[in-house]
Amino acid sequence: MAVPFILGGIALATGIFGAKKAYDGYQDKCAAEELDNNAKAIFDYAKEKLDIARKNAEQALENLGHAKLHIHQNSFKEFIDIFSKLKNVESDDFSKDDLKFNINEFIEFTKESVIDFTKLATGGIASLGAGALAGIGAYGSVGLLASASTGTLISTLSGAAATNATLAWLGGGSLAAGGFGMAGGMAVLGGIVAAPVLAVGGFLYSKVGEQALDEAKSNLHKAKAAASEMDTARIATTAISSIVNESLIAIQNLDGVLIKELQTFKLMIIRESDYSKFTNGEKAYTQFIVNLVKAISGICKVNVLTEDGIVNKEFKKAVQIAQNLNKEIQTI
């Protein structure tokens, strides 16, 4: 009878088909794992580079905040003490290059800034913490205190989530932790990247199963897309670090000049405190001292970033003015 042979053939074919299917499943699983590994490598590499850029930007802001505190507590305070002894100051002499500049208002503003920065450092710079120092670097002296009476700090980066998603992310605050706060769903870094992309802490890898290969292919596509956005964010973040570092170099150089010149300025005021009796050279020297303070203050008083999370044009302008003054001094 042929029936047993037919049944045996069917069974053999079924077994071969089952083995082939099992082998195909094994190959799909191996392919899916390889795609997952590639996705993980792509995603993690981009995330690592972005995190380094973020930490560098935060460190740059922290350094700027430290410099602001130091300058206001030392050279600016000394400048105010010396300049306050001057009598009969001729305001027009200080507004030749800038008709909007008012020396009396500038001195008053600088005096208030010295007081505000001194309040911030009352407990010691170290006690403020890195987050607070970075916040001081990021915010202009105009808005450092939420309330002059209570001295409540609004300058910590982690506390900036309610108003600026970029600063919250740079500070590793609620945005970076995935909490978002009021910054949830907001655009970061001027809208070039969405907040959820920066908040993700890991990558979803495909599960083992019938759709493992399809899921792995999808995950690889998502990893490449996320890596592209993170790379764009890294470039923007690096640009923030760059301009902040430039500003730091500019004000430190000018402050070094100011510290030296204040000694001469002090002796000049001790000899004669009536500005109206100054020689043209002494008046020009006084204007030079004011311009030094003005250039440094220009960087200190404006926010580094706009509310949209991009570098403030006014900050860029202030940095350029300080750099130009440094170049002029070097040619003297």
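A brief structural summary. Keep in mind that what you see is a predicted model, and the values were worked out from it rather than measured. (Residues numbered from 1 in each chain as written. Predicted model: local features only at pLDDT ≥ 70, side-chain atom pairs only at ≥ 80, totals over all residues. Heavy atoms only, no water.)

## Side note on the environment of Asp93
So, step 1. In this fold, Asp93 is placed in the loop between helix 2 (75–83) and helix 3 (103–120).
So, step 2. Since its relative accessible area comes to 15%, Asp93 is described here as buried.
So, step 3. Taking C-alpha positions, Asp93 is 9.0 Å from Ile103, a pair spaced ten residues apart along the chain.
So, step 4. Not counting chain neighbours up to four residues away, the residues in contact with Asp93 comprise Tyr275, Lys283 and Gln287. (Helix = DSSP H or I, 4+ residues; strand = E, 2+ residues; numbered from the N terminus. Buried < 20%, exposed > 50% of the residue type's maximum accessible area, 1.4 Å probe, protein only. Contact = heavy atoms within 4.5 Å.)

## Structural notes on the packing of aromatic side chains
So, step 1. By the definition in use, this model includes seven aromatic pairs.
So, step 2. Grouping aromatic residues by their ring pairs yields a cluster made of Phe79, Phe83, Phe94, Tyr275 and Phe278.
So, step 3. We note Lys294 situated over the ring of Phe101; from NZ or CZ to the ring centre the distance is 4.2 Å. (Phe/Tyr/Trp six-rings, centres within 6.5 Å; stacked < 30°, edge-to-face > 60°. Lys NZ or Arg CZ within 6 Å of the ring centre and 35° of its normal.)

## What about the environment of Val304?
So, step 1. When you line up the elements, Val304 lands in the loop between helix 9 (280–300) and helix 10 (313–331).
So, step 2. Sequence spacing of Val304 and Tyr139 is 165 residues, and the spatial spacing of their C-alpha atoms is 6.4 Å.
So, step 3. Setting aside residues no more than four positions away along its own chain, Val304 makes contact with Leu61, Leu64, Gly137, Ala138, Val244, Ile310, Val311, Asn312 and Phe315.

## Overview of the nonpolar core
So, step 1. Phe79, Phe83 and Phe265 are the most contacted members of the largest nonpolar core, which totals 73 residues.
So, step 2. Mapped by element, the contributors of at least two residues to this core are helix 1 (3–73), helix 2, helix 3, helix 4 (125–138), helix 5 (165–170), helix 8 (212–271), helix 9 and helix 10.
So, step 3. The dominant element in this core, judged by the number of residues it contributes, is helix 8, at 22 residues.
So, step 4. If near-sequence neighbours (up to four positions away) are discounted, Phe79 is found in contact with Ile107, Leu262, Ile289, Val290 and Val293.
So, step 5. In terms of nonpolar packing, the next biggest core, distinct from the first, is built from six residues, Leu69, Phe117, Ala121 and Leu133 among them. (Core = buried A, V, L, I, M, F, W, Y, C linked by side-chain atoms within 4.5 Å.)

## Topic: the pattern of salt bridges
So, step 1. Scanning all chains against the criterion turns up nine salt bridges.
So, step 2. Its salt-bridge partner being Lys40, residue Asp44 comes within 2.8 Å of it at the nearest N-O pair. Taken together, the residues Asp44 and Lys40, both in helix 1 and four residues apart, mark about one turn of the helix.
So, step 3. Exposure remark for Lys40: the relative accessible area of 39% places this residue in the partly exposed category. (Salt bridge = Lys/Arg side-chain N within 4 Å of Asp/Glu carboxyl O.)

## Here's the deal with helix 10
So, step 1. Taking 1.5 Å of rise per residue, 19 residues should cover 27 Å, and helix 10 covers 27 Å from first to last C-alpha, within 8% of that figure.
So, step 2. For helix 10, the set of buried residues is Phe315, Ala318, Val319, Ala322, Leu325, Asn326 and Ile329. Down the axis of helix 10, the smallest arc covering the buried residues is 125°, so these residues share one side. Of the exposed residues in helix 10, the ones pointing more than 90 degrees away from its buried face are Lys313, Lys317, Lys327 and Thr331.
So, step 3. Among the residues of helix 10, the N-terminal cap falls to Asn312, whose side-chain oxygen and the backbone nitrogen of Glu314 are separated by 3.0 Å. (Expected span 1.5 Å × (residues − 1). Arc of directions from axis to C-beta. Polar contact = N/O pair within 3.5 Å; in protein donor to acceptor, adjacent residues only side chain to side chain.)

## Digging into the packing of helix 9 against helix 10
So, step 1. Between helix 9 and helix 10, the shortest axis-to-axis distance is 8 Å and the interhelical angle comes to 145°. Between helix 9 and helix 10 lies a crossing whose hand is left-handed. Seen from helix 9, the contacting residues are Phe288, Asn291, Leu292, Ala295, Gly298 and Ile299; seen from helix 10, they are Phe315, Ala318, Val319, Ala322, Leu325 and Ile329.
So, step 2. Along the lines of polarity and charge, the residues of the contact of helix 9 with helix 10 split into ten nonpolar, two polar and no charged. (Axes fitted to C-alpha atoms, helices over the stretch in contact; angles between N-to-C directions. Left-handed = near helix turned anticlockwise from the far one by under 90°. Nonpolar A, V, L, I, M, F, W, Y, C, P; charged D, E, K, R; others polar.)

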